[in-house]
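Residues per chain are reported as follows:
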Amino acid sequence: MTEKQTIKSTIQADTWNRKNVVSVSQFTESAIDALFELTDRLKAMGRFQLRQWNPLSGYVLSNLFFEASTRSRISFASAFQYLGGSVDNTVGVVFSSISKGESLSDTIRVVQGYVDVIVLRHFAVGSARIAADNSTTPIINAGDGIGEHPTQALLDLYTIYNETKRLSDLTIAVVGDLQHGRTVHSLVHLMRLYTNIHIVAIAPNDLQLPADSVHTLQVSGIRVTQTDDFKVGIATADVIYMTRLQRERFQSESDYEQFEQLYILNRALTESVCKPDVVIMHPLPRTSEINPDVDALKQAAYFRQTDNGLYVRMALFLLVLLSPSELRNHLNTV
Ligand code: NCD
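Residues numbered from 1 in each chain as written. Predicted model: local features only at pLDDT ≥ 70, side-chain atom pairs only at ≥ 80, totals over all residues. Heavy atoms only, no water.

Student: An account of the domain arrangement of the chain is requested, with residue identities and associated values reported.
Tutor: Parsing the chain into structural domains produces domain 1 (3-148 + 308-331) and domain 2 (150-306). Each of domain 1 and domain 2 has a C-alpha centre, and these two points are 25 Å apart. Each partner contributes residues to the interface: domain 1 has 34 residues there, and domain 2 has 28 residues. Where domain 1 abuts domain 2, roughly 2,400 Å² becomes buried across the two surfaces, and 61% of that area is made up of carbon and sulfur atoms. Counting across the domain 1 and domain 2 interface gives one salt bridge. Among the ionic pairs, Arg182 bridges to Glu67, the shortest N-O distance being 2.9 Å. The interface formed by domain 1 and domain 2 includes 13 residue pairs in polar contact (both at pLDDT 80 or more). (Domains from an automatic or database assignment. Contact = heavy atoms within 4.5 Å. Buried area = accessible area lost by both parts, 1.4 Å probe. Salt bridge = Lys/Arg side-chain N within 4 Å of Asp/Glu carboxyl O. Polar contact = N/O pair within 3.5 Å; in protein donor to acceptor, adjacent residues only side chain to side chain.)

Written as C-alpha cells, this is what we have:
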C-alpha cells in the first residue's frame, strides 16, 4: 500500500469520528482496516517524531479507572500524551465521588463537561453503555467487569495480524478463565468479522466460555471446540491466547484455588507440542500460566502485544477526536 492510499483510506474512516467505543460488536472490517493502517503509520513514525507532532494539543482525556489497572491506564495516558494532549487520572473508587454515593451516570454527566474524551474502567457489566448514554463526550470502554474490553481486542487483533500476516484461516486457542475473562470475550467475538476461524476454548468446565457466547460464535460461522485438555488443545493452534484466572471474580479463595496452576505453558511444552511458528499471546498481567522461560522464545509475542497497544490506542484517539479533514491536514504535515 502506498503512502497516498494509506492517507486516503484513513480519511474515509469517519465511522470512528465522535463515536463511543463500547463493544466489539460495533466494529466493521473496513473501520478496523483504517485503524490498523493509521496504527502502522504511527508505529513507523516512532516516538521521537510523534513527540514533535502534537495533533491533540489542547485536548483533555479523563482516565476514569474504578478497577485495578496498570498497562491499560498507562498506555491510554501515554498514547494521549505522545499526541500532545493532557490527561487527568482518577484511580480507584476511594478517590472518586463514587465513594460518597454518587451514581456512575451523575459522575459521567459532570466529567463530560470538562474533557474531550473519557476512558472508563468499571466493575459492572454494562457500565460503559450507561456512561455512553449519559455523555455527549465519547466514551471508551477500558473494561466493564466480566463484560468486554474492546480496545484490548483491537490491539490483540493487530498483534495477530502483525505476527501471522493474516486475519482469516486461523486456529486460535484461548486458555484459562474463559468464563470471567473480558479480553477473551471481546477477542473471540471480534473474530466473527473474519473467515475460516476455529476457536479452541481450553478451560475446565466451570470456567468455559459462556454458552450464549459459544452459540453466537457458531451462528456466525466460527468453529468452536471446547476442551479441558491443554496439550491437545494447543497442538494445532496458530495463536495461543493465555489468560490468568480472574481471582477477584471468584466467590471464595477455595473456589479459586481448585483451578490454580491448572494450565502452565513452558518452553519444553512449546517446543515439543506446539506448531513451530505458533504465536503466544497474553493480555497480561500473567500469574503462573506462562513460565518466564518462554519469554526468550521468538514465539512469545506478549510484550510486542503490549507495545502495539500504545500505537493502536493513539490511532483510536485520532480517529475518534479528529474529523477526517483535520486528520488529513495533520498527517500532511509529517
Ligand atoms: C486484562 C483486563 O483487565 O481485563 N488486562 C488488561 O487490560 N491488559 C486482563 C486481566 O486482568 O487478566
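Student: Could you give an account of the sheet that holds strand 4 (residues 139-144), naming the residues involved and the relevant values?
Tutor: Spatial strand order, 2-1-3-4: four strands in an open sheet with parallel pairing. In the strand order of this sheet, the two ends are held by strand 2 (86-91) and strand 4, each with one partner. Ignoring which end each strand starts from, the neighbouring axes of this sheet average 10° apart. Judged from the four bridges that link them, strand 3 (residues 117-122) and strand 4 form a sheet pairing that is parallel. The partner of Val119 across the bridge, within strand 4, is Ile140. Helix 4 (residues 104-111) contacts strand 1 (60-65), strand 3 and strand 4 of the sheet and is inclined by roughly 160° relative to strand 3. (Pairing = 2+ DSSP bridges. Helix = DSSP H or I, 4+ residues; strand = E, 2+ residues; numbered from the N terminus. Axes fitted to C-alpha atoms, helices over the stretch in contact; angles between N-to-C directions.)

Student: So what about unusual backbone geometry? Which residues, and what values?
Tutor: Looking along the chain, the bond that leaves Leu284 and enters Pro285 is cis, with omega of 5°. Positive phi, normally seen in glycine, also occurs at Arg18, with a value near 65°. Here Arg18 falls in the partly exposed class, since its relative accessible area comes to 45%. Positive phi is not limited to glycine here, since Asp169 has a value of about 55°. Examined against the element boundaries, Asp169 turns out to sit in the loop between helix 6 (150-164) and strand 5 (170-175). (Buried < 20%, exposed > 50% of the residue type's maximum accessible area, 1.4 Å probe, protein only.)

Student: How would you sum up the site of the ligand? Please name residues and give values.
Tutor: Contacts to the ligand come from Arg71, Ser72, Arg121, His149, Gln152, Arg182, Thr183, Arg244, Gln246, Pro283, Leu284 and Pro285. A distance of 3.1 Å separates an oxygen atom of the ligand from a polar atom in the side chain of Arg121. A distance of 2.8 Å is found between an oxygen atom of the ligand and a side-chain nitrogen or oxygen belonging to Gln246. Alone, the ligand offers 320 Å² of accessible surface; in the complex the protein occludes 94% of this. Taken together, the residues of the shell around the ligand break down into three nonpolar, five polar and four charged. (Near = heavy atom within 4 Å. Areas by Shrake-Rupley, 256 points an atom, 1.4 Å probe, with all protein chains shown as cover. Nonpolar A, V, L, I, M, F, W, Y, C, P; charged D, E, K, R; others polar.)

Student: Pulling in residues and values, what's your account of the environment of Leu61?
Tutor: Relative to the helices and strands, Leu61 is located in strand 1. Along the sequence, Leu61 and Asp169 sit 108 residues apart, while their C-alpha atoms lie 38 Å from each other. In this view, Leu61 contacts Phe76, Ala77, Phe80, Ser86, Val87, Asp88, Val115, Val117, Ile118, Val119 and Phe317; residues no more than four positions away in its chain are not counted.

Student: Would you mind going over the sheet that holds strand 8 (residues 239-242) in detail, with residue names and values included?
Tutor: The strands making up a sheet associate through hydrogen bonds between their backbones, and the pairing can be parallel or antiparallel. Strand order across the open sheet formed by five strands is 7-6-5-8-9, with parallel pairing between neighbours. Lying at the two open borders of the sheet, with one neighbouring strand each, are strand 7 (223-227) and strand 9 (279-281). The mean inter-strand angle of the sheet, taken between neighbouring strand axes irrespective of direction, is 15°. Two elements, strand 8 and strand 9, share three bridges in a ladder whose sense is parallel. Paired with Ile240 across the two strands is Ile280, which belongs to strand 9.

Student: Lay out the pattern of salt bridges in plain terms, naming residues and giving numbers.
Tutor: Counted according to the given criterion, the structure contains seven salt bridges. Between Glu271 and Arg267 there is a salt bridge, with the nearest N and O atoms lying 3.3 Å from each other. Of this pair, Glu271 and Arg267 are both found in helix 11 (residues 267-273), four residues apart, which corresponds to roughly one turn of the helix. Within the structure, one salt-bridge network assembled from shared partners comprises Arg166, Asp238 and Lys275.

Student: Account for the pairing of strand 3, naming residues and giving values.
Tutor: In terms of burial, strand 3 is a largely internal element, six of the six residues being buried. Burial along strand 3 is two-sided: Val117, Val119 and Arg121 facing one way and Ile118, Leu120 and His122 facing the other are all buried. Relative to strand 3, strand 1 runs parallel, the two sharing five bridges. Paired with Leu64 across the bridge in strand 3 is Leu120. Note on the crossover from strand 3 through helix 5 (residues 127-133) to strand 4: the handedness is right-handed. (Right-handed = clockwise from strand over helix to strand, strands pointing away.)

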